[in-house]
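Observations on the model geometry
The primary structure of each chain is shown beneath.
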Amino acid sequence: MRVMKIQFLGTAAFEGIPAMFCHCELCAKAKLNRGKDIRTRTSVMIDTDLKVDFPPDTYMHMLREQLDLDKLHNIIFTHSHSDHLYAEDLLTRVPGYSKYYDHRIALFGNDKVLSILNKYLSTVEQDSFTLTKFLPFETYQVGEARVTPLLATHDPQEDCFILYIEKSNKVLLYGHDSGDFPDATWEWLQGKGFDIVILECTMGYDSYRKTHMNIIAVKETKQRMEFEGMLQPDCHVIVTHFSHNGRALHSDLEREFAEDHIIVAYDGMVIEV
């Protein structure tokens, strides 16, 4: 039976944990604890060919996890914020910086994502990349996966996407950056079933949940999915994308989510379904 392998390359929000210029209590503890409390900017690798987002820590992810990025065929961008789209580093794949690749990497995203990508890639070798615009609630063939971008509640200046990904006979809901899902997304998800759900918990113990989720929002989202019958019997629900503003160490998050059977992601974690 084919499995879907999901590797969490980074699990932090924009500033990382610890944040570079911060001396808050959480950042100070993370520096001392290291291990799972050190978090880089969020991205996942699905099997070896599909990547979600391309943060400025991708080079370090490659070194730390010994990734062969020559096997990468597709990158999906959830939105244009720089912790999810660091377009300059894609230039290192073009002639003069890279040699001996034999395929184009397909890049997918909204209008703003494509505008940023075109700014950096329009004058380089066209055999390196292809660009495809994502429209919400349309389904696209992305390599061996079928991907439907759904609307998130995040930046009103652009369509930010939650991703419904079908691959290897499994279904993944990749749910961030987003606060509480908009009604249109919940309506589209009616009747769907998930083998794995990835949510964000940027705000941790903080009460804010408008454009990012906190601990309470994550629990309520899972409860709604359970009520709607969306979670398969062995479904994994995982949280990622944490900020120091949430004031929660890895051990704090594990304790908070233990009774809800929600897994707390850490940099380098691998899940197979």
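Provided above is the structure to which this section pertains.
These figures come from a predicted structure and were not determined experimentally.

In terms of helices and strands, the protein carries 6 helices and 14 strands. Over its C-alpha atoms the protein spans a radius of gyration of 18 Å, differing by no more than 12% from the 19 Å that the globule rule assigns to 273 residues. Each principal axis of the C-alpha atoms in the protein carries an extent, and together these give about 50 × 45 × 40 Å. Going through the 273 residues of the protein one by one, you find that 54% of them count as buried. Contacts in the protein between residues far apart in sequence, at least 24 positions, make up 67% of those at least 6 positions apart. With the model as given, the accessible surface of the protein reaches about 12600 Å², and the carbon-plus-sulfur share is 50%. Side chains of the protein carry 28 positive and 41 negative charges; the gap between the two charge centres is 3 Å.

Okay, the pairing of strand E10 (residues 170–175) next. Among the 6 residues of E10, 6 are classified as buried, and the element is accordingly described as predominantly covered. Sheet topology note: the strand E9 (residues 161–167)/E10 ladder contains 5 bridges and is antiparallel. Each residue of the ladder has a partner; that of Tyr-164, found in E10, is Leu-173. Between E9 and the antiparallel strand that follows it, E10, lie 2 residues; Ser-168 among them carries a positive phi value of about 55 degrees.

Turning our attention to the sheet that holds strand E11 (residues 194–200). Pairing within the open sheet is mixed, and its 7 strands lie in the order E7-E8-E9-E10-E11-E12-E13. Each edge of the open sheet is held by one strand with a lone partner, namely strand E7 (140–142) and strand E13 (263–264). As defined by bridge partners, E10 adjoins E11 across 4 bridges and the pair is classed as parallel. Paired with Tyr-174 across the two strands is Ile-198, which belongs to E11.

On to the pattern of salt bridges. Summed over the entire model, instances satisfying the criterion amount to 15 salt bridges. For Glu-25, the salt bridge goes to Lys-29, with nearest N and O atoms at 3.1 Å. Remark: Lys-29 and Glu-25 occur in helix H1 (residues 25–33); sequence separation between them is 4 residues, near one turn of the helix. Accessibility expressed as a relative area gives 57% for Glu-25, which makes it exposed. Under the relative-accessibility criterion, Lys-29 is labelled partly exposed at 37%. Between Arg-209 and Asp-180 there is a salt bridge, with its nearest N and O atoms 2.9 Å apart. With Arg-209 in the loop between E11 and helix H5 (215–227) and Asp-180 in the loop between E10 and helix H4 (183–189), this residue pair connects regions lying 29 residues apart in the sequence. Overall, the relative accessible area of 22% leaves Arg-209 in the partly exposed class. Salt bridges linked by common partners bring Asp-47, Asp-49, Glu-144 and Lys-167 together as one network.

Attention now moves to the packing of aromatic side chains. Within this structure, the stated rule accounts for 6 aromatic pairs. Their ring planes at 70 degrees and their centres at 6.2 Å tell us that Phe-134 and Phe-161 sit as a pair that is edge-to-face. Residue Phe-134 is located in the loop between strand E6 (129–133) and E7, and its partner Phe-161 is located in strand E9; the two are separated by 27 residues in the primary sequence. Take Phe-134: its relative accessible area is 2%, and that puts it in the buried class. Using a relative accessible area of 1% as the deciding quantity, one classes Phe-161 as buried. Through a chain of ring-to-ring contacts, the aromatic side chains of Phe-108, Phe-134, Tyr-140 and Phe-161 assemble into a single cluster. For Lys-36, the ring lying beneath its charged end belongs to Tyr-266, and the centroid distance is 4.4 Å. Above the plane of the ring of Trp-186 lies Arg-224, whose end atom (NZ or CZ) is 4.1 Å from the centre.

Parameters at a glance
- Residues numbered from 1 in each chain as written.
- Predicted model: local features only at pLDDT ≥ 70, side-chain atom pairs only at ≥ 80, totals over all residues.
- Heavy atoms only, no water.
- Helix = DSSP H or I, 4+ residues; strand = E, 2+ residues; numbered from the N terminus.
- Rg over C-alpha atoms; globule rule 2.2 N^0.38 Å.
- Buried < 20%, exposed > 50% of the residue type's maximum accessible area, 1.4 Å probe, protein only.
- Contact = heavy atoms within 4.5 Å.
- Areas by Shrake-Rupley, 256 points an atom, 1.4 Å probe, with all protein chains shown as cover.
- Lys, Arg positive; Asp, Glu negative; His and termini not counted.
- Charge placed at Lys NZ, Arg CZ, Asp CG, Glu CD.
- Pairing = 2+ DSSP bridges.
- Salt bridge = Lys/Arg side-chain N within 4 Å of Asp/Glu carboxyl O.
- Phe/Tyr/Trp six-rings, centres within 6.5 Å; stacked < 30°, edge-to-face > 60°.
- Lys NZ or Arg CZ within 6 Å of the ring centre and 35° of its normal.

Distances and angles like these do not, on their own, reveal function.
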